[in-house]
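If you want the building blocks of each chain, they are given just below.
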Amino acid sequence: MENFVDYIRVFCKSGHGGAGSRHFMRTKFKALAGPDGGDGGRGGHLILRGNSQLWTLLHLRWYKNVLAENGGNGSGDNCTGHNGKDIVIEVPLGTIVRDEETGEVEAEVMKDGEEIIFMPGGQGGRGNAYFKSATNQAPEYAQPGQPGLEGWKVLELKVLADVGLVGFPNAGKSTLLSSITAARPKIANYAFTTLTPQLGMVHYRDDRSFCMADLPGIIEGAHEGKGLGHRFLRHIERNAVLLFVIPADSPDHKKEFDILVNELEQYNPELLDKQFLIAISKSDMLDEELQEAISAELPADVPHVFISAVTQTGLQQLKDILWEALSVEADNVREAMLEDDEEEEEESEEE
């Protein structure tokens, strides 16, 4: 995962449209047979295409300029100029394109094979044959092609995962991921062992599965740039469920949870609308009395479970809770989509 790149800046330019032709037909027997200038060709588009086999923007890192081909000019005999060659940029799912100057999101790729034209090429100009009419049989003009678009764009990758692991460094997130998935993240006894997001598939009952992401550790002040800063907080925006991993040996479990929630709120208040769950890791060092004491500290409205990757304690219970939370989230999404469809039908009927 050393080659993980989730942010690049590149200059993009779509093709200019070709100019229309101002041409008149001349034959052996008729010197002025009329206008026959063809239209100019369209400039090349810049297109994003989703590719589920990609997981990083590394392949785009060395492309500082992406320039599409201009459209060809029209010519006589009503010949249309060729269209400029489109440039297709393959990106991993979850990639967005943002205009560097305005900050506006111009495209977002979420499906494999999905293609989005984020910078259309300029339209080709009309040749003078297009303007011929009964009252204007010899137009002396043709249109120039429209210019393409250009500017600096920022491509950001936000990892698509069902469950995101949130916690301080050394909370046990990587150990948990390696215990319930085939992922093998780096595990060591020092802060910021995980420097890039790690993904793994959790296999559940009846051949069902869901994706889990281990995100680099958050510390207090991350939204201000401390530690690894907010560079990886963007990935949390894609997760349906957030699992807060808090170690059993934490001096104050409730305070640790509150700090993590505050960092998410400071970065993006909408993250508070996500489903929260708490996993107390390294719980093999706790007896039943200590577990009850910790449970009393934690928020009553956030489900929690005690787990241990060493003894495999609580891992199946954790999977059950996560699957239930994901199912509820999926139901909420379906209900929201149905409500949107009903509103659109009502609006169309009113019109």
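Criteria and thresholds
- Residues numbered from 1 in each chain as written.
- Predicted model: local features only at pLDDT ≥ 70, side-chain atom pairs only at ≥ 80, totals over all residues.
- Heavy atoms only, no water.
- Helix = DSSP H or I, 4+ residues; strand = E, 2+ residues; numbered from the N terminus.
- Buried < 20%, exposed > 50% of the residue type's maximum accessible area, 1.4 Å probe, protein only.
- Patch = residues over 30% accessible without salt bridge, like charges linked within 9 Å, V, L, I, M, F, W, Y side chains within 5 Å.
- Areas by Shrake-Rupley, 256 points an atom, 1.4 Å probe, with all protein chains shown as cover.
- Salt bridge = Lys/Arg side-chain N within 4 Å of Asp/Glu carboxyl O.
- Lys, Arg positive; Asp, Glu negative; His and termini not counted.
- Charge placed at Lys NZ, Arg CZ, Asp CG, Glu CD.
- Polar contact = N/O pair within 3.5 Å; in protein donor to acceptor, adjacent residues only side chain to side chain.
- Pairing = 2+ DSSP bridges.
- Axes fitted to C-alpha atoms, helices over the stretch in contact; angles between N-to-C directions.
- Right-handed = clockwise from strand over helix to strand, strands pointing away.

This part is about unusual backbone geometry. Notably, asparagine 78 is not glycine yet its phi reads approximately 60°, a positive angle. Inspection of the secondary structure assignment puts asparagine 78 in the loop between β5 (65-67) and β6 (87-91). What makes asparagine 78 partly exposed here is its relative accessible area of 45%. Positive phi outside glycine occurs at lysine 282, with the angle close to 55°. Its place among the elements puts lysine 282 in the loop between β15 (275-281) and α3 (288-297).

Moving on, we get to a negative patch on the surface. Taken together, the side chains of Asp287, Glu288, Glu289 and Glu292 make up a negatively charged region of the molecular surface. On the secondary structure map, glutamate 289 appears in helix α3. We classify glutamate 289 as exposed; its relative accessible area is 63%.

Now for the side chain of threonine 56. Structurally, threonine 56 is set in the loop between β4 (46-50) and β5. Among the polar contacts made by the side chain of threonine 56, one reaches the main-chain amide nitrogen of leucine 58 at a distance of 3.2 Å.

Moving on, we get to the sheet that holds strand β1 (residues 7-13). Backbone-to-backbone hydrogen bonds join strands into a sheet, with any given pair of strands oriented parallel or antiparallel. Taken together, the 5 strands give an open sheet; going across it, the order is β5-β1-β10-β7-β8, and neighbouring strands pair in mixed fashion. Two strands close off the open sheet at either side, each with one partner strand: β5 and β8 (105-109). Along the sheet, successive strands turn relative to each other by an average axial angle of 25°, direction set aside. Sheet topology note: the strand β7 (residues 95-99)/β8 ladder contains 4 bridges and is antiparallel. Each residue of the ladder has a partner; that of arginine 98, found in β8, is valine 105.

As a further point, take the pairing of β15. Most of β15 sits out of view: 6 of its 7 residues are buried. You can see the chain leave strand β14 (residues 241-247), run along helix α2 (residues 253-267) and come back into β15, and the turn it takes is right-handed. When β15 meets strand β16 (residues 304-306), the two strands line up parallel, connected through 3 bridges. Following the sheet pairing, isoleucine 280 is matched in β16 by phenylalanine 306.

What follows covers the pattern of salt bridges. If you walk through the whole model with that rule in mind, you get 12 salt bridges. Lysine 153 is paired through a salt bridge with aspartate 99; the nearest N and O atoms lie 2.8 Å apart. Here the residue lysine 153 occupies a position in strand β10 (residues 150-157), and aspartate 99 occupies one in strand β7, the gap between them amounting to 54 residues. Relative accessible area serves as the criterion here: at 4%, lysine 153 is assigned to the buried category.

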